Amino acid sequence: MSGLVQDYASDSDDNGGSGTPTANGEDVFGLSELPAAKRQRTDNGPTDITVPTLAPDVLAEDPLNQTSLVTRPTDSQIMVNIKMDDMLRPMAGPENPFSDRKFQNQNALAGVVEEQAMSERDFRAQHLSYSILGYSANPSFSSDTPVLGSLAAAEKNNFQTLDMMRATNGERKHWKRKRKDQGDLEVVEGDGAYSGPWAKWEGDEQPDIVVPEQEEEEPEEEDTELEVRKARARRQAFGQEKSIFHGKSLTDYQGRTYMHPPLDVAPELAREAGSQECFLPKECVHTWTGHTAAVSVVRLLPKTGHLLLSGSMDTKIKLWDVYHEGNCLRTFMGHHKAIKDLTFSNDGRRFLSASHDRQIKLWDTETGQCIKAFSNGKTPHVVKFHPDEDKQHIFLAGMHDKKIVQWDMNTSEIVQEYDQHLGAVNTITFVDENRRFVTTSDDKTIRAWDFDIPVVIKYIAEPHMHSMPAVTLHPTGKWFAAQSLDNQILVYSADTFRQNRKKRFAGHSTAGYACAVGFSPDGRWISSGDADGSIVFWDWKTGRLMKRLRAHSKVVICHEWLPHETSKVVTGSWDGLIKLWD
């Protein structure tokens, strides 16, 4: 710089200038404003100029030789000009835990740490927007991309998330409910009576459930005692049932009942069950209370699992919400003894209940109406719909009198009986694409049957075998696991019905209790209740006991895995509580 100034000064002197460096008549460095003391002429002629210091002296940066200094977050004085990215790098070595000097956006080894605060509502709105619309707002303020996910879908919706979208005027008018006519003030009763501000909304009326009268069948004199008992059971079977709806409205603003899956809250219900990787639950996230006695059975709605059906020894059946507030939606009352078993149809619209009052009743899940009742005078231990879609009018019941009875619900008649067991039948499990089914009994045997053929095709009985009161099919359909009363779970092939002796799950105590066996939706874990109130998990491949979760104060008699969740399990116990674990 000094050489350049010297050249300009020499040229200006030769041209008879004023002694300041100029280029085309202009002052290049603004040196003409300097005081005379700063401009001194030497003996050789050129002007020696002292330039004022406009910035502090710093070390030169050399990116090739890496001679620049890298500061630490604890430094208070910087002697080198460096970039902001270098200033915010993580500190090498341990950091002073007592220092209160922190950068706002401190770098970490895994990236930049940005402080963000988001409420539960905003997080849920963004999560649902990404699941349903395919995009969500970008939470990072250091990025130029406004959304995460599909940019085309965001542009189509004008970058609005679900909580920002509003219904149009036409949709509001369509959804808006209307009050009925207030009536005539002079009419007191009857049609057109004055109702005033108490007029109901259109669509709120609950249709009256008309129960057809059941003709009493009087037994003839020559009837046996068994037929007298059957006739008495049929007289008590129908017409005394009722159900109570516990919500405010049967339908929402779009006319949907609780049977509709809540895709707005849980969009994963639209996916195929078992496609997600499952993990073991850790803590209780919800408790359902309402039963006044021990819970004996819980069943989830098929395919979606957003409704939970529970049967108790208080003779009541309750339907619970799973994904919203977890309230009791409906109570079914019609049995006068403890509930033994429940089973849903394939679509979940109907379910069967078996009770110790020797009745099997068919209920409508949505309206709560008892459609039909079935009884042969014996106590049913297990009921099961036929899984095929074209055979939903047929169900099997394992009875206390050692028989498996097959009913046709269209005719309300027994169309087949399977009579080979020597004790009460406890379980019925369909295998081999529903062409066969396996039954277990108190006679400590396992028997396989062809459907609609009352002949045993496979008989499994060993001297060391115990009774197996609970059986569950693996999600792949290749194996079924049986809870043995000698405190172990045995596995059998669903094709050859041979025991897989390499798979044996033990370490829990179930002697004397019919604790249900469960599988995770992906088939990775196998679970069972325990007599001390715990739920136990094993690895399906290795057979290792992975976890023991203390769940209830009494025996965990039943549990179910949610089909679309990664780690949620519902447990029912003899302490009267139903809990959701995640």
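Residues numbered from 1 in each chain as written. Predicted model: local features only at pLDDT ≥ 70, side-chain atom pairs only at ≥ 80, totals over all residues. Heavy atoms only, no water.

An unreviewed UniProt entry annotates the protein chain as Pre-mRNA-processing factor 17 originating from Calocera cornea HHB12733. Under the UniProt heading Subcellular location (unreviewed entry), the note attached to the protein chain is "Nucleus". (UniProt positions renumbered as here; feature names shortened; annotations may be inferred.)

If you tally the helices and strands in the protein chain, you get six helices and 37 strands. Relative to its 582 residues, the protein chain shows a buried fraction of 40%. Taken as a whole, the protein chain presents about 33,500 Å² of accessible surface, with 48% of it coming from carbon and sulfur. (Helix = DSSP H or I, 4+ residues; strand = E, 2+ residues; numbered from the N terminus. Buried < 20%, exposed > 50% of the residue type's maximum accessible area, 1.4 Å probe, protein only. Areas by Shrake-Rupley, 256 points an atom, 1.4 Å probe, with all protein chains shown as cover.)

What follows concerns the sheet that holds strand β29 (residues 488-493). The sheet built from four strands is open, its strands ordered β27-β28-β29-β30 with antiparallel pairing. Pairing within the sheet leaves two strands with one partner each, and these edge strands are β27 (470-473) and β30 (499-506). Within the sheet, the average angular offset between the axes of one strand and its neighbour, ignoring direction, is 25°. (Pairing = 2+ DSSP bridges. Axes fitted to C-alpha atoms, helices over the stretch in contact; angles between N-to-C directions.)

Approximately 1,100 Å³ is the volume found for the second largest pocket. Around the second largest pocket sit 38 residues that line it, and Asp-252, Arg-256, Pro-262, Asp-264 and His-324 are the ones nearest its centre. A total of five residues in the lining of the second largest pocket trace back to one element, the largest contributor, which is helix α3 (residues 120-132). Class assignment for the residues of the lining of the second largest pocket results in 17 nonpolar, ten polar and eleven charged. (1 Å grid on protein atoms, 1.4 Å probe; cavity = no way out; pocket = protein on both sides within 12 Å on 5 of 7 lines; lining within 4 Å. Points joined across faces, edges and corners; volume = space filled by probe spheres on them. Nonpolar A, V, L, I, M, F, W, Y, C, P; charged D, E, K, R; others polar.)

Let us look at the pairing of strand β36 (residues 569-573). The buried count for β36 comes to five of five residues, which makes it a mostly enclosed element. With burial as the criterion, each face of β36 is covered, one bearing Val-569, Thr-571 and Ser-573 and the other bearing Val-570 and Gly-572. Relative to β36, strand β35 (residues 556-561) runs antiparallel, the two sharing five bridges. Residue pairing for β36: Val-556 is matched across the bridge by Ser-573.

Overall, antiparallel pairing links the four strands, which are arranged β10-β37-β36-β35 in an open sheet. This sheet does not close on itself; its edge strands, each paired only once, are β10 (284-288) and β35. Put simply, the sheet's adjacent strands are angled 20° from each other on average, direction ignored. Sheet topology note: the β10/strand β37 (residues 578-581) ladder contains four bridges and is antiparallel. Note that in β37 the partner of Cys-284 across the bridge is Trp-581.

The next subject is the UniProt feature "repeat: WD" (unreviewed entry) in the protein chain. Under the UniProt annotation, the feature "repeat: WD" (unreviewed entry) is placed at residues 288-322, 332-373, 418-452, 516-548 and 549-582. Structurally, residues 288-322 is divided into 0% helix and 54% strand, and its ends, taken at the C-alpha atoms, are 10 Å apart. This span, residues 549-582, is 0% helix and 50% strand, and a straight line between its end C-alpha atoms measures 11 Å.

Another point: the pattern of salt bridges. Applying the stated criterion to the full structure yields 16 salt bridges. Taking the shortest distance from any N to any O, the salt bridge between Glu-417 and Lys-403 comes out at 3.5 Å. Within this pair, whereas Glu-417 is found in strand β22 (residues 413-418), its partner Lys-403 is found in the loop between β20 (394-399) and β21 (404-408), the two being separated by 14 residues in sequence. Notably, a salt bridge pairs Asp-432 with Arg-435, separated by 3.0 Å at the nearest N-O pair. For Asp-432, a relative accessible area of 22% translates into the label partly exposed. Linked through salt bridges whose partners overlap, the residues forming this network are Asp-432, Glu-433, Arg-435, Arg-436 and Asp-450. (Salt bridge = Lys/Arg side-chain N within 4 Å of Asp/Glu carboxyl O.)

A few words on unusual backbone geometry. Of note in the backbone geometry, Arg-358 takes a positive phi value of approximately 70° without being a glycine. The topology assignment puts Arg-358 in the loop between β16 (350-355) and β17 (360-364). Exposure remark for Arg-358: the relative accessible area of 34% places this residue in the partly exposed category. Residues other than glycine seldom take positive phi values, yet Lys-402 does so here, at roughly 75°. Examined against the element boundaries, Lys-402 turns out to sit in the loop between β20 and β21.

Quick look at α3 now. Taking 1.5 Å per residue as the helical rise, α3 with its 13 residues ought to reach 18 Å, and the 18 Å between its terminal C-alpha atoms agrees with that figure. For α3, the full list of buried residues reads Ala-125, Gln-126, Leu-128 and Ser-129. For α3, the buried positions fall inside an angular range of 165° around the axis, keeping them on one side. In α3, the exposed positions angled more than 90 degrees off the buried face are occupied by Glu-120 and Phe-123. At its buried positions, α3 is contacted by β7 (135-137). Once α3 finishes, Gly-134 follows within two positions and takes phi at roughly 95°, a positive value. (Expected span 1.5 Å × (residues − 1). Arc of directions from axis to C-beta. Contact = heavy atoms within 4.5 Å.)

Consecutive side chains of a regular strand alternate in pointing toward one face of the sheet and then the other. Most of strand β15 (residues 339-344) sits inside the fold, with five of its six residues counted as buried. As paired strands, β15 and β16 are joined by five bridges and run antiparallel to one another. Paired with Leu-342 across the bridge in β16 is Ser-353. The hairpin turn running from β15 into β16, its antiparallel successor, is five residues long, and Gly-348 in that turn takes a positive phi close to 80°.

Now for the environment of His-127. Along the chain, the position of His-127 falls in helix α3. Exposure remark for His-127: the relative accessible area of 34% places this residue in the partly exposed category.

As a further point, take a nonpolar patch on the surface. Together, Leu-185, Tyr-194 and Trp-198 line one region of the surface with nonpolar side chains, adding up to about 420 Å² of accessible area. When its relative accessible area of 63% is taken as the criterion, Leu-185 is described as exposed. (Patch = residues over 30% accessible without salt bridge, like charges linked within 9 Å, V, L, I, M, F, W, Y side chains within 5 Å.)

Here we take up the packing of aromatic side chains. This model, assessed by the stated rule, comprises 19 aromatic pairs. Through a chain of ring-to-ring contacts, three or more aromatic side chains come together here, namely Tyr-418, Phe-430, Phe-437, Trp-449 and Phe-451. (Phe/Tyr/Trp six-rings, centres within 6.5 Å; stacked < 30°, edge-to-face > 60°.)

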